[in-house]
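Summary of the model geometry
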Amino acid sequence: MRLLMVEDERRLAGALARGLTAEGFAVDVAHDGAEGLCRATSAPYDLILLDVNLPGLNGYRLVSELRAGGHETPVLMLTAKDGEYDEAEGLDAGADDYLTKPFSYLVLLARIRALLRRGARTATPVLRVGDLSMDRGARRVVQAGRRIDLTTKEYAVLEQLVVRPGDVVSKAEILDHVWDLAYDGDPNIVEVYVSTLRRKLGAAAIETVRGAGYRLVDDA
């Protein structure tokens with residue numbers, strides 16, 4: 001899952017990004033409203049963590065512009081304002097949930113997971129390609145009746161192939177969604193994870209289309 005955090009408190013943003021990355025999320029960070037809006041409208045995210053008091057463009061205006069533009073990405077607002085009118089303003093502007101600072105990191109994680117589960121239920125909760133099924137709500141993969149245990153990154157790479165059955169998905173597209181924008185390591189990391197998935201799913205499960213990317217094979 002790829003998250004966007006728009007937070008101008010750099011120490012807080014850094015600490016949260018490190019924690020969420022350790023949980024298996026890919027996290028991009030913006031420190032002002034204009035940059036946050038630009039990133040939110042130019043790349044696919046599964047969830048946005050949005051501070052209210054941002055330089056230039058505050059969180060209320062940012063989420064309003066997102067919703068006015070037709071973007072439905074779940075938004076969890078983070079704010080030091082704890083009045084009921086402030087919370088109501090955030091929700092009325094288009095936020096999906098609201099968390100007041102200071103907050104428990106465990107509560108933040110629980111809220112994030114709840115919003116992601118809600119989005120998975122709104123979208124197709126169980127995806128099927130041939131004898132492979134992926135339950136996005138439970139984050140469970142089953143192949144021919146057999147549970148396949150995957151790491152967080154393996155699941156995320158496979159998900160990019162399952163959501164586009166029959167399509168060739170490029171290495172760059174997988175990198176963009178599974179790893180954050182700050183990743184500057186070897187792009188061949190995708191090949192490593194595809195190789196691992198082939199060992200778990202079968203060598204013929206994922207086809208390499210030379211020079212283009214990868215495609216999940218439907219044997220049904």
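Cut-offs and rules
Residues numbered from 1 in each chain as written. Predicted model: local features only at pLDDT ≥ 70, side-chain atom pairs only at ≥ 80, totals over all residues. Heavy atoms only, no water. pLDDT = per-residue confidence, 0-100. Helix = DSSP H or I, 4+ residues; strand = E, 2+ residues; numbered from the N terminus. Axes fitted to C-alpha atoms, helices over the stretch in contact; angles between N-to-C directions. Parallel < 35°, antiparallel > 145°, perpendicular 65-115°, else oblique. Left-handed = near helix turned anticlockwise from the far one by under 90°. Contact = heavy atoms within 4.5 Å. Nonpolar A, V, L, I, M, F, W, Y, C, P; charged D, E, K, R; others polar. Pairing = 2+ DSSP bridges. Expected span 1.5 Å × (residues − 1). Buried < 20%, exposed > 50% of the residue type's maximum accessible area, 1.4 Å probe, protein only. Arc of directions from axis to C-beta.

What to know about the confidence of the model for the protein
The share of residues in the protein with pLDDT of 70 or more is 91%, and the mean pLDDT across the chain is 85. The lowest-confidence element of the protein is helix α4 (residues 84–93), averaging 76 in pLDDT; the highest-confidence one is strand β3 (residues 47–51), averaging 94.

Overview of unusual backbone geometry
Note the cis peptide between K101 and P102, where omega equals -10 degrees. Here P102 lies in the loop between β5 (97–100) and α5 (105–122). Despite not being glycine, A144 shows a phi value in the positive range, around 50 degrees. Take A144: it is sitting in the loop between β8 (140–143) and β9 (146–148).

Here we look at the packing of helix α2 (residues 33–42) against helix α3 (residues 59–68)
Taken N-terminus to C-terminus, the directions of α2 and α3 make an angle of 25 degrees; their axes are 10 Å apart at the nearest point. Judged by the inter-axis angle, α2 sits roughly parallel to α3. Classified by chirality, the crossing of α3 by α2 is right-handed. For the pair α2 and α3, contact is made by G33, G36, L37, A40 and T41 and by L62, E65 and L66, respectively. Looking at side-chain class alone, the contact of α2 with α3 contains four nonpolar, three polar and one charged residues.

A few points about the sheet that holds strand β7 (residues 132–135)
Pairing is antiparallel across the open sheet formed by four strands, whose spatial order is β6-β7-β8-β9. Strands at the two margins of the open sheet, each flanked by one partner only, are β6 (126–129) and β9. Averaged over all pairs of adjacent strands, the angle between their axes in this sheet comes to 25 degrees, without regard to strand direction. Relative to β7, β6 runs antiparallel, the two being bridged by four bridges. Looking at the pairing, R128 lines up with S133 of β7. Running at roughly 115 degrees to β7, helix α6 (residues 152–162) makes contact with β6, β7 and β8 of the sheet. Strand contacts of helix α8 (residues 189–201): β7, β8 and β9, with the helix running at about 165 degrees to β9, the strand carrying the most contacts.

Observations regarding the pairing of strand β10 (residues 206–209)
Both β10 and strand β11 (residues 213–216) contribute to a ladder of four bridges, which runs antiparallel. Counted as the bridge partner of E207 is R215 from β11. Linkage of β10 to β11, two consecutive antiparallel strands, is achieved through a turn of three residues, within which G211 is found at a positive phi near 80 degrees.

Some remarks on α8
For α8, spanning 13 residues, the distance from its first C-alpha to its last is 18 Å, which sits close to the expected 18 Å at 1.5 Å a residue. Regarding α8, the residues found buried are V190, V194, T196, L197 and L201. Take α8 and look down its axis: the buried residues cluster within an arc of 160 degrees, on one side only. Positive phi appears at G202, one or two residues downstream of α8, with a value of about 115 degrees.

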